[in-house]
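If you want the building blocks of each chain, they are given just below.
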Amino acid sequence: MKSKDVTKLYDKYVMKTYTRVPLVFEKARGADVTDIDGKKYLDFFPGWAVSGIGHCHPGVQKAVSRQVKKLIHVSNNYYSALQGMLAKKIISHSFPGKVFFANSGAEANEAAVKLARLYGHEKGKYEIITMKKSFHGRTLAMITATGQDKVKKGFSPLPAGFKHVPFNDYKALAKAVNAKTAGIMLELIQCEGGINIASKEYIRKVRRLCDKKGIVFIIDEVQTGMGRTGKMFCYQNYAVKPDVITLAKAIGGGLPIGVMVARGKFRDVLKPGTHASTFGGGPLVAGAALSVFEAIEHDRLLKNAERKGKYLVAKLLGLKRKYPSIKEVRAVALTIGVELSIKGDDIYKKCLEKRLLINCTQGNVLRIMPPITVTRNEIDRAIKILDEVLHG
Ligand SMILES: *Cc1c(COP(=O)(O)O)cnc(C)c1O
């Protein structure tokens, strides 16, 4: 098949819920992607942050092919060794607590909201406060939680009990809290929102507020987790522990998985019959996720994310000095946003023509998130392309 044949199939048979780039990928490795017509691309936004340790990581390939011959699925009313081992691994990297497995970021967040509501239920608490410009997924409850009107249009009535306050604004948050507040959910770096980074002072105050009022503090780490910020989880860059974190995207090495992790006294809030997921944490994805942790540990990828993040940001700041169209570079390790004073769409498209894949969000923010295995040579190649594109 040629790419034209594939796009025709989509036109006829696949719902148009995405604005798709007419590119058909056939194979990939690390940050290299090859399309169906044989053209090669450098991927600095692999799988929307899913392929965090690069495409088709050999460790993931090995784990999946080993498991696929043994057992692919087992229902969650039995046990699987890999699910148990993965839960232990996640806990060893976060905080003492327990894990619930789902299949996506939205589902992990749903589970977190259900936990907060169940925890607050007897005290009549049910409200969840989230942030403006946030993104939490596309289920009905999660478009309600998401602080952007564009995802909600046409879907009312939406579930009750959610409110939004401006991000990084402690006063507004404290004012919104009342006797009905069950949970506060936020991203430490609003990625879809344009790489907006929560301040340490703000997060410290949110933690204190949640402690004082008995509110569940939920951090959505779906995009920031698994090493992209130089730590396994982004909250580890802050001096606080949340009560709940949610994970998805990069944790499965490309396979679909969502995780909710609950700390201390929240670990046993969800009881038999209160929540479930048929596919959640099956042996195939659990094995893949374990191999992702192994790769990050064995190849010292947290260190690499930090070092290469510094290197890439320094290069981007070099471009900023050269081109006034770059307003600001915001970054935590390899979670990077380049805010432009012009529209980003054009830049993004020109990068694509020169075979560099990045993303543009909020109209004028280039989102650059290479795999955490990225090399200096790959960064140099990407910067050269960006330089040419910005030069015009
Ligand atoms: C992608 C994303 C989600 C939704 O994840 P899905 O797997 O698409 O449901 C939720 N929160 C954040 C921060 C995300 O980046």
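Thresholds applied
Residues numbered from 1 in each chain as written. Predicted model: local features only at pLDDT ≥ 70, side-chain atom pairs only at ≥ 80, totals over all residues. Heavy atoms only, no water. Near = heavy atom within 4 Å. Polar contact = N/O pair within 3.5 Å; in protein donor to acceptor, adjacent residues only side chain to side chain. Areas by Shrake-Rupley, 256 points an atom, 1.4 Å probe, with all protein chains shown as cover. Helix = DSSP H or I, 4+ residues; strand = E, 2+ residues; numbered from the N terminus. Pairing = 2+ DSSP bridges. Phe/Tyr/Trp six-rings, centres within 6.5 Å; stacked < 30°, edge-to-face > 60°. Buried < 20%, exposed > 50% of the residue type's maximum accessible area, 1.4 Å probe, protein only. Lys NZ or Arg CZ within 6 Å of the ring centre and 35° of its normal. Contact = heavy atoms within 4.5 Å.

Turning to the site of the ligand, a few remarks are in order. Neighbouring the ligand are the residues Ser 104, Gly 105, Ala 106, Asn 109, Phe 135, His 136, Gly 137, Glu 187, Asp 220, Val 222, Gln 223 and Lys 249. In the environment of the ligand, a nitrogen atom lies 3.3 Å from a nitrogen or oxygen atom belonging to the backbone of Phe 135. At 2.8 Å from a nitrogen atom of the ligand is found a side-chain nitrogen or oxygen belonging to Asp 220. Alone, the ligand offers 390 Å² of accessible surface; in the complex the protein occludes 81% of this.

On to the environment of Thr 19, then. Its location among the elements puts Thr 19 in the loop between helix 1 (3-13) and strand 1 (25-29). Along the primary structure Thr 19 and Phe 45 are separated by 26 residues, whereas in three dimensions their C-alpha atoms are 16 Å apart.

For strand 2 (residues 32-35) and strand 3 (residues 40-43), the ladder comprises 3 bridges, and the chain directions are antiparallel. In the strand pairing of strand 3, Val 33 is matched with Tyr 41. As judged from the 2 bridges shared by strand 3 and strand 15 (residues 356-357), these two strands associate in the parallel manner. Paired with Asp 43 across the two strands is Leu 357, which belongs to strand 15.

Now for the packing of aromatic side chains. In this description, a pair of aromatic rings is defined by centroid distance and the angle of the planes. Across all of its chains, the model carries 6 aromatic pairs by this definition. Ring centres of Phe 45 and Trp 48 lie 5.1 Å apart, and the angle between their planes is 65 degrees; on these two criteria the pair is classed as edge-to-face. In this structure Phe 45 comes out as buried when scored by relative accessible area, which is 8%. Each member of the aromatic cluster is reached from another via a ring pair, and the members are Phe 95, Phe 233 and Tyr 235. Just above the ring of Tyr 41 sits the side chain of Arg 355; from NZ or CZ to the centre is 5.7 Å.

Another point: the environment of Phe 135. Inspection of the secondary structure puts Phe 135 in the loop between strand 5 (127-131) and helix 5 (140-145). For Phe 135, a relative accessible area of 22% gives the class partly exposed. A C-alpha to C-alpha distance of 18 Å links Phe 135 and Lys 114, two positions 21 residues apart in sequence. When sequence neighbours within four positions are dropped, the list of residues in contact with Phe 135 reads Thr 146, Gln 148, Glu 187, Glu 192 and Asp 220.

Within the element layout of this structure, Asn 76 appears in the loop between helix 2 (58-68) and helix 3 (81-93). You can call Asn 76 partly exposed: its relative accessible area is 38%. A C-alpha to C-alpha distance of 41 Å links Asn 76 and Asp 169, two positions 93 residues apart in sequence. With residues up to four places along the chain from it excluded, the contact list for Asn 76 reads Gln 83, Ser 277, Thr 278 and Gly 280. One polar contact links Asn 76 to Gln 83, side chain to side chain, over a distance of 3.2 Å. Of note is the side chain of Asn 76, whose polar atom sits 3.0 Å from the backbone oxygen of Ser 277.

Turning our eyes to something else, we now look at the pairing of strand 1. Relative to strand 2, strand 1 is paired through 4 bridges, and the arrangement is antiparallel. Each residue of the ladder has a partner; that of Phe 25, found in strand 2, is Asp 35.

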